[in-house]
Amino acid sequence: MNLLLIQQDKIDDSGIFTATPEQSLHIASVLHGKAGDRIKTGVLDGKIGEAELIVPSKKEARLRILNLDKDPPQKKKLKFVIALPRPQSFKKCLHFLASAGIPEATFIQTERVEKSYWNSSAMMPENIANEIFLGLEQGVDTIAPQLKFFHSFREWREKEAEHITCRRLVAHPVDAIPCPRDLGDQELVVAIGPEGGFIKAEIERFRELGFESVELGSHILRVEFALSYITGRLS
């Protein structure tokens, strides 16, 4: 936890709030917090500053807001379209998206995505929100990425893909160029397939939509690792 993230409605009129049990334990056991210590704090959807630890506790630490005067970091100009991965990979993807400053990600059903993934506990709104929250604390950010979900490739294509106007890339090794490097402020949308890859018909649809195929090398990466690899390379 590199940022103590809180919700605005948890702060009382005097600027005092109670940390969650998980945050309280981290402050006590990892930060070895003592009364009077200052801890970097941010308000969800708001600014970043500091809070003073006034009541140390492993379960219910209490703190007072001192200032909230810094804007959250700028988001990257990079968005992802991701074939819904298996639940554990999905959770890791959420954590990475939040911690790396990705502004938006769309998860879609493709031919090689198990339909049962949509019914996993990882897809419950409260579990998604928790992973995003932890990712924001890791990345010292307060603004959650926008998430979209489409239960079919066709639905995504008709409702969203045809309206994309920036440069588009799809990670696919056939007839591909090497993945570009360090594109700076250029806006990009990148599609990442499931572990078995996109099928030929899906790649044809991507190309019809203006996506360029790019390859990431000879090794096959899990979805969450491909996500971080591409982000680092393009950023």
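Before reading further, recall that the structure is shown in the block above.
Right, let's walk through the structure included here. (Residues numbered from 1 in each chain as written. Predicted model: local features only at pLDDT ≥ 70, side-chain atom pairs only at ≥ 80, totals over all residues. Heavy atoms only, no water.)

Points about the packing of aromatic side chains
Inspection of the entire model under this criterion finds 10 aromatic pairs. Centre to centre, the rings of Phe90 and Phe107 are 5.0 Å apart; their planes meet at 75°, and the pair counts as edge-to-face. Taken as a pair, Phe90 in helix α2 (residues 87–99) and Phe107 in strand β7 (residues 104–108) lie far apart in primary sequence, 17 residues in all. According to the relative accessible area criterion, Phe90 is buried, its value standing at 1%. Geometrically, the ring pair formed by Phe107 and Phe149 is stacked, given 5.7 Å between the ring centres and 15° between the ring planes. Linking Phe107 in strand β7 with Phe149 in strand β8 (residues 146–150), this pair joins segments that are 42 residues apart in sequence. Three or more aromatic residues joined by ring pairs make a cluster, and in this case those are Phe153, Trp156, Phe198, Phe206 and Phe211. (Phe/Tyr/Trp six-rings, centres within 6.5 Å; stacked < 30°, edge-to-face > 60°. Helix = DSSP H or I, 4+ residues; strand = E, 2+ residues; numbered from the N terminus. Buried < 20%, exposed > 50% of the residue type's maximum accessible area, 1.4 Å probe, protein only.)

Focus on the environment of Tyr117
With respect to the helices, strands and loops of the structure, Tyr117 is situated in the loop between β7 and α3 (125–139). As a C-alpha pair, Tyr117 and Pro85 span 32 residues in sequence and 7.5 Å in three-dimensional space. In this structure Tyr117 touches Leu84, Pro85, Arg86, Pro87 and Met123, once residues within four positions along its chain are discounted. (Contact = heavy atoms within 4.5 Å.)

Focus: the packing of α2 against helix α6 (residues 223–234)
Contact geometry for α2 and α6: axes closest at 8 Å, N-to-C directions at 20°. Here α2 is positioned roughly parallel relative to α6, judged by the angle of their axes. Contacts between α2 and α6 involve Ser89, Lys92, Cys93, Phe96 and Leu97 from the first element and Val223, Glu224, Leu227, Ser228 and Thr231 from the second. Counted by class, the contact of α2 with α6 contains five nonpolar, three polar and two charged residues. (Axes fitted to C-alpha atoms, helices over the stretch in contact; angles between N-to-C directions. Parallel < 35°, antiparallel > 145°, perpendicular 65-115°, else oblique. Nonpolar A, V, L, I, M, F, W, Y, C, P; charged D, E, K, R; others polar.)

What to know about the pattern of salt bridges
The tally for this structure, following the rule as stated, stands at 16 salt bridges. Here Arg38 and Glu50 are joined by a salt bridge, their closest N and O atoms 3.0 Å apart. Of this pair, Arg38 sits in strand β3 (residues 38–43) while Glu50 sits in strand β4 (residues 48–55), and the two are 12 residues apart along the sequence. A salt bridge links Glu224 to Lys92; the nearest nitrogen and oxygen atoms lie 4.0 Å apart. Here Glu224, found in helix α6, pairs with Lys92, found in helix α2; they are 132 residues apart in sequence, far enough to count as distant. Assessed through its relative accessible area of 6%, Glu224 is described here as buried. Accessibility expressed as a relative area gives 43% for Lys92, which makes it partly exposed. Sharing partners across several salt bridges, the network here consists of Lys79, Glu104, Lys148 and Glu160. (Salt bridge = Lys/Arg side-chain N within 4 Å of Asp/Glu carboxyl O.)

Considerations on α3
Side chains of residues three or four places apart in an α-helix project in the same direction, reflecting 3.6 residues per turn. Compared with the 21 Å implied by 1.5 Å per residue over 15 residues, the 21 Å span of α3 between its first and last C-alpha is a close match. All of the buried residues in α3 are Ile128, Glu131, Ile132, Gly135, Leu136 and Glu137. Contacts from the buried residues of α3 go to β1 (4–6), α1 (21–29), α2 and β8. Just beyond α3, the residue with positive phi is Val140, at close to 55°. (Expected span 1.5 Å × (residues − 1).)

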